[in-house]
Amino acid sequence: MLISWADLGWILLSLFIMFNALSVVVLSLTWLERKALGRLQRRLGPTRSGPMGLLQPVADGIKLIIKEDIIPSSSEKAIFWGAPLIVMLSAFMIWVTIPGAQDAVIKNLDLGLFYIIAFSVIGILGLVLAGWGSANKYGTLGGLRAAAQLVSYEIPIIMVAVSVAMLAQSLDMREIVAQQSSYPFVLVQPLGLVVFFIAGLAEVGRTPFDIYFAESEIVGGPFVEYSGAHWSLFFLAEYINTFAIAALTVLLFFGGWQFPGVELAGYLAVIWFLFKVYLVILVIVWIRGTFPRLRIDQLMAFAWKVAVPLSFLTVVMTAIYQFYGWPAWSLTLMSLAGLVWVGYAIYRRMAGPASRVAQTKKRIQARQEELMAARRNRAERTRRG
Amino acid sequence: MADAARNVTAPPLDSGAAQARPVSGEPVEMLLNMGPQHPSTHGVFRMVLWVDGEKIVDIVPHIGYLHRGSEKLCEGEQYHQVITLFDRLDYIANFNNEHVYVRAVERLMGLEVPERAEYLRVILCELNRIASHLLFIATMGLDAGAMTPSMFCFRGRERIQALFEAVSGARMMHNYFRIGGLKEDVPEDFMPRLRELMPQIREDLEESDKLLSFNEIFLARLKDISPVTAEDAIDYGLTGPCLRASGVEYDVRKAAPYSLYDRFDFNVPTGLDGDCWDRYYLRVQECYESLSIIEQAMEQMPAEGNVLSSLGRRLVRPPAGEVYVRAENPRGEIGVYLVSDGSDRPYRLKVRPPSFCNLSAIRLMLINTWVADSVVILGSLDIVMGEVDR
Amino acid sequence: MLNSIKGMFITLLSSAKGLREPVTRQYPATGNLLQREEAPTPVQPRFMGFPALTWDEGVGEPYCTSCMVCIRHCPTQCMSSTMKDNPLQAEGKSSRRKIVDSFEINLNRCILCGICVEWCNFDAIVMSHEHEMSTYVRNGDRVDLPVLLELGYKHQKETDWVPPTKRGK
Ligand code: SF4
Ligand code: SF4
């Protein structure tokens with residue numbers, strides 16, 4: 001017996017609590033996303049169920065669960081059934097070691113960051129299996145897109161995480177947060193934050209990287225054949241992953257539950273942490289409300305030509321900074337230089353189309369002005385003559 | 001990429017998917033059936049794509065899911081009832097459709113339309129053009145994956161439709177134009193409402209224009225996607241913005257001015273490359289031109305007057321003969337060929353729908369692009385299936 | 001890069017405007033499950049809803065004489081009617097010699113074109129503002145004379161309807 005019964009009971013209890021807490025979080029996220037998106041588009045968002053539509057997610061959940069769960073007859077039954085569970089499992093498992101505050105964690109691991117990254121990769125398998133198992137061509141396309149996209153964006157995430165670990169000299173999440181008590185890492189590694197955030201968006205498939213389930217192209221990709229409870233598992237996992245990426249962004253770069261100057265304890269720390277996480281989520285929703293979607297080849301080009309080299313650059317920069325023991329602002333400067341380079345790279349990539357576009361616009365405008373001038377002249381002449 | 005697409009010598013498309021062969025000779029991995037139930041095939045259009053990974057090797061379009069036999073139906077309806085059928089051809093640009101039909105009958109009968117009625121028709125048609133283009137911008141954004149522009153555009157469209165409802169009593173299927181004029185005069189508060197509406201539309205248009213047109217991701221998705229040269233565009237019989245995007249300055253309103261269009265100053269914007277972005281942006285610019293036409297029409301329009309010709313409300317029996325009338329719809333050139341045998345029903349009525357002719361270039365445009373591009377390209381053609389299948 | 005960032009601020013600005021005056025409204029009722037306030041969509045005065053038959057209050061009978069003009073002009077042939085001798089005319093109360101006996105419109109087929117109203121010479125038919133008449137029954141929207149008259153009477157009351165032939169010329 002490796003662990004005692006009491007320990008086992010305790011672990012099961014905390015897992016149960018985590019499951020429920022995460023479900024509540026997902027409910028709140030769906031509400032928040034719909035409401036915020038609605039407001040961005042000057043709509044009302046959900047209003048009918050409960051005050052301000054707060055009960056809408058619950059209504060949705062009930063509807064999803066009592067909905068008929070259709071399994072296509074030509075699908076691989078076992079894979080079709082198992083895929084959502086795999087996705088779900090990986091989404092939940094990483095939360096075992098993500099701390100909400102100093103003690104609000106199920107099991108703090110010394111190799112916490114490593115564990116999180118290792119487990120988050122498993123989700124890809126679920127998506128590919130879902131796409132393949134549903135015997136649908138859109139599903140297959142989506143699954144393959146998911147594999148390509150998620151595997152390539154895993155690399156920048158890992159490398160940036162490595163650079164953060166180098167800064168904190170630890171893979172323990174609590175330690176990483178503790179190291180940010182004087183200043184959050186975003187100040188010394190802004191480039192890392194940008195790469196991590198973008199790669200994170202791609203990792204959870206949020207706009208502008210919602211390519212593997214692009215509704216307007218491949219109609220939901222791997223999820224196209226799923227309905228009812230199975231679909232809701234994917235849905236759950238997607239939101240938990242979004243929440244996880246937001247939480248990791250806060251933990252790695254925004255100092256977790258650290259409040260500048262004040263030592264927060266207990267619930268206050270958790271609330272402060274959640275506040276930050278929800279802010280990041282709002283930014284994600286904001287981005288969703290603004291941008292179109294990239295194409296798969298552009299996405300891959302961005303991963304391998306921009307994100308991967310940059311993430312390696314963050315590691316190199318951090319290593320130089322750590323090895324020579326330079327002051328912190330030197331790393332900030334290096335990092336900012338990297339950021340400028342990204343901007344320039346995107347600018348260069350877009351320079352051709354952009355100039356062409358500007359030319360078109362100018363031509364049309366010039367003709368409009370000509371016409372206006374001619375009209376004004378004619379009006380002048382009729383007034384005079 | 002695009003050059004390769006142009007050099008494809010398209011083999012004749014026989015009926016059925018089985019006959020169409022991949023043209024490039026490469027191994028074909030998968031046959032992807034897109035539509036008729038697909039969120040971005042703009043109705044019930046179906047494409048069978050041969051894809052090699054994500055590359056489109058060949059495509060066979062299938063149409064006819066919305067075939068209602070409109071042209072045949074027209075032969076069984078009296079002339080004033082046909083107007084309701086024309087509302088339902090291009091159901092996004094109803095006024096424009098009604099306009100071209102009533103003009104055909106009027107030409108056949110040699111009917112003079114009161115000036116005020118004609119001005120009102122032009123105003124309503126141009127408003128409808130804006131509404132149609134707003135819907136295009138919205139769906140273009142959605143096809144490219146942006147949600148918000150669609151909401152912005154629908155706001156503007158909603159305002160226009162509210163005005164339409166006040167004028168004709170219906171938001172889309174107006175049945176408002178009559179042979180020889182209009183059903184009734186516009187309500188008294190029409191002009192003030194229109195005056196109030198103009199800046200609002202401009203604002204909505206500008207908002208979505210600023211948000212979408214020059215966004216880097218949007219550019220990356222649309223610029224240089226399936227460019228069509230001017231020769232190809234003419235060969236395939238493209239009309240409307242799809243033709244003008246390739247740099248051909250052809251607009252029926254300018255080339256063969258009908259109605260009152262020779263009284264207005266307006267531009268025919270043309271594109272440089274004929275790619276998806278140009279097709280998109282021309283429509284944005286055309287909205288501004290339409291706004292300026294409406295402004296001029298409001299200035300010139302007689303404040304009082306009859307809106308229905310002396311013929312009044314009677315069964316029309318045009319003299320035997322035939323006529324072909326064309327007009328510039330938001331989607332391109334629409335033509336109506338009408339044969340009358342002197343009875344109260346058309347003997348034959350044939351429509352040249354712009355969407356249908358524009359859609360014929362889909363094969364040229366899609367080959368050698370990506371699956372993700374296919375929806376964008378189809379979106380940039382701006383087809384309305386009601387008109388394609390008739 | 002710049003345009004993307006500009007775009008972000010456009011959406012932000014729009015949300016600020018949206019908080020003040022959202023462009024959508026709640027339908028078909030405002031409030032929540034507990035406090036429900038009906039909020040039907042407002043329609044313009046000329047709105048063409050389902051056709052309905054009017055009621056001549058002065059005499060106490062429908063305007064419709066079942067002359068079949070509208071039926072012949074309806075593009076979808078969705079109406080039918082029969083006529084009878086008007087009993088009120090025999091009593092000398094009414095000037096209509098014939099009166100409608102039965103009238104049926106299949107509203108599922110009606111395309112709300114308004115041609116019937118345009119061609120009726122007796123002010124007998126109107127396009128009411130009613131447009132929410134879905135039923136769960138197939139052919140549930142096949143309405144007969146009493147329903148049509150009721151619809152029309154409601155419309156007359158709501159809009160202070162004046163017979164078109166009596167409107168100021
Ligand atoms: S509604 Fe008018 S046109 Fe129709 S049958 Fe009655 S009176 Fe005649
Ligand atoms: S509105 Fe049109 S379709 Fe409906 S009953 Fe009247 S004429 Fe027929």
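Residues numbered from 1 in each chain as written. Chains lettered and ligands numbered in written order. Predicted model: local features only at pLDDT ≥ 70, side-chain atom pairs only at ≥ 80, totals over all residues. Heavy atoms only, no water.

> Can you explain the interface of chain C and chain A? Please cite residues and give values.
Taken together, the contact between chain C and chain A spans 23 residues of the former and 16 residues of the latter. Summing the contributions of chain C and of chain A, the shared interface buries around 1,800 Å²; its carbon and sulfur component is 64%. For the pair chain C and chain A, the number of links is 0 salt bridges. Those elements that provide at least two residues to the side of chain C that touches chain A are α1 (2-20) and β1 (29-31) of chain C. (Contact = heavy atoms within 4.5 Å. Buried area = accessible area lost by both parts, 1.4 Å probe. Salt bridge = Lys/Arg side-chain N within 4 Å of Asp/Glu carboxyl O. Helix = DSSP H or I, 4+ residues; strand = E, 2+ residues; numbered from the N terminus.)

> Explain helix α3 (residues 77-93) of chain A to me, and be specific about the residues and the numbers.
Residue and element names in this part refer to chain A. Here α3 spans 25 Å end to end across 17 residues, near enough to the 24 Å set by a 1.5 Å rise per residue. By the largest-angle criterion, A83 marks the main kink of α3, which is about 25 degrees, and a proline, P84, follows within four residues. Within α3, the full set of buried residues consists of F80, A83, P84, V87, M88, S90, A91 and F92. Looking at the buried residues of α3, the elements they touch are α1 (5-40), α4 (112-120), α5 (122-133) and α10 (228-253). (Expected span 1.5 Å × (residues − 1). Bend = angle between axes of the 7 residues up to and from the residue. Buried < 20%, exposed > 50% of the residue type's maximum accessible area, 1.4 Å probe, protein only.)

> Lay out the interface of chain B and chain A in plain terms, naming residues and giving numbers.
Taken together, the contacts link 57 residues of chain B with 41 residues of chain A. Counting across the interface, chain B meets chain A through 5 salt bridges. Measuring nitrogen to oxygen at the nearest pair gives 3.1 Å for the salt bridge that ties B:D265 to A:R378. For the pair chain B and chain A, the number of links is 17 residue pairs in polar contact (both at pLDDT 80 or more). For the side of chain B that touches chain A, the elements supplying multiple residues, two or more each, are β1 (30-34), α5 (115-144), α6 (148-168), α7 (190-213), α8 (216-222), α12 (276-300) and α15 (371-381) of chain B. (Polar contact = N/O pair within 3.5 Å; in protein donor to acceptor, adjacent residues only side chain to side chain.)

> An account of the packing of aromatic side chains is needed here, citing residue identities and associated values.
How two aromatic rings sit relative to each other is given by the distance of their centres and the angle of their planes. Residue and element names in this part refer to chain B. Scanning all chains against the criterion turns up 30 aromatic pairs over all chains. With centroids separated by 4.9 Å and ring planes inclined at 90 degrees, the aromatic side chains of F95 and F164 adopt a geometry described as edge-to-face. One end of the pair, F95, is in helix α4 (residues 94-109); the other, F164, is in helix α6, and 69 residues separate them in sequence. The same class applies to F95 and to F164, which are both buried. Seen from their ring centres, Y261 and F264 are 6.2 Å apart, and the 75 degrees between their planes marks the pair as edge-to-face. Of the two residues examined, Y261 and F264, each falls in the buried class. Grouping aromatic residues by their ring pairs yields a cluster made of Y119, Y258, Y261, F264 and F266. The cationic tip of K55 hangs over the ring face of W370; the distance from NZ or CZ to the ring centre is 4.9 Å. The ring of F356 is capped by R390, whose NZ or CZ atom sits 5.7 Å from the centre of that ring. (Phe/Tyr/Trp six-rings, centres within 6.5 Å; stacked < 30°, edge-to-face > 60°. Lys NZ or Arg CZ within 6 Å of the ring centre and 35° of its normal.)

> Please set out the layout of surface pockets residue by residue, giving values where relevant.
Over the atoms rolls a probe the size of a water molecule, and in doing so it shows where empty space is left. Size it by volume and the largest pocket reaches roughly 1,600 Å³. As for the largest pocket, its lining consists of 47 residues, of which B:K183, B:E184, C:V117, C:P164 and C:R167 are closest to the centre. Broken down by element, the lining of the largest pocket gets its largest block of residues, 4 residues, from helix α4 (residues 115-119) of chain C. For the lining of the largest pocket, the per-class residue count stands at 20 nonpolar, 13 polar and 14 charged. (1 Å grid on protein atoms, 1.4 Å probe; cavity = no way out; pocket = protein on both sides within 12 Å on 5 of 7 lines; lining within 4 Å. Points joined across faces, edges and corners; volume = space filled by probe spheres on them. Nonpolar A, V, L, I, M, F, W, Y, C, P; charged D, E, K, R; others polar.)

> With reference to specific residues and values, describe empty space enclosed by the protein.
All names here are of chain A. Under the defined criterion, the tally for this structure stands at 8 cavities of 30 Å³ or more. In this model, the largest cavity occupies a volume close to 330 Å³. What lines the largest cavity is a set of 25 residues, among which S90, S120, E203, V204 and N241 lie closest to the centre. For the lining of the largest cavity, the secondary-structure elements that each account for two or more residues are α3, α4, α5, α6 (137-168), α8 (190-204) and α10.

> So what's going on with the pattern of salt bridges? Which residues, and what values?
As enumerated under the stated definition, the model contains 49 salt bridges over all chains in all. B:E75 is the salt-bridge partner of B:K72, the closest N and O atoms lying 3.0 Å from each other. Of this pair, B:K72 and B:E75 both sit in helix α2 (residues 70-76), 3 residues apart, which is roughly one turn of that helix. With a shortest N-O distance of 3.8 Å, B:E184 and C:R46 are connected by a salt bridge. In this pair, B:E184 is assigned in the loop between β5 (181-182) and α7 and C:R46 in the loop between β2 (36-38) and β3 (51-53), connecting two distinct chains. Judged by relative accessible area, B:E184 falls into the partly exposed class, the value being 32%. Within the structure, one salt-bridge network assembled from shared partners comprises B:E126, B:R129, B:R244, B:D251, B:R253, B:E286 and B:E328.

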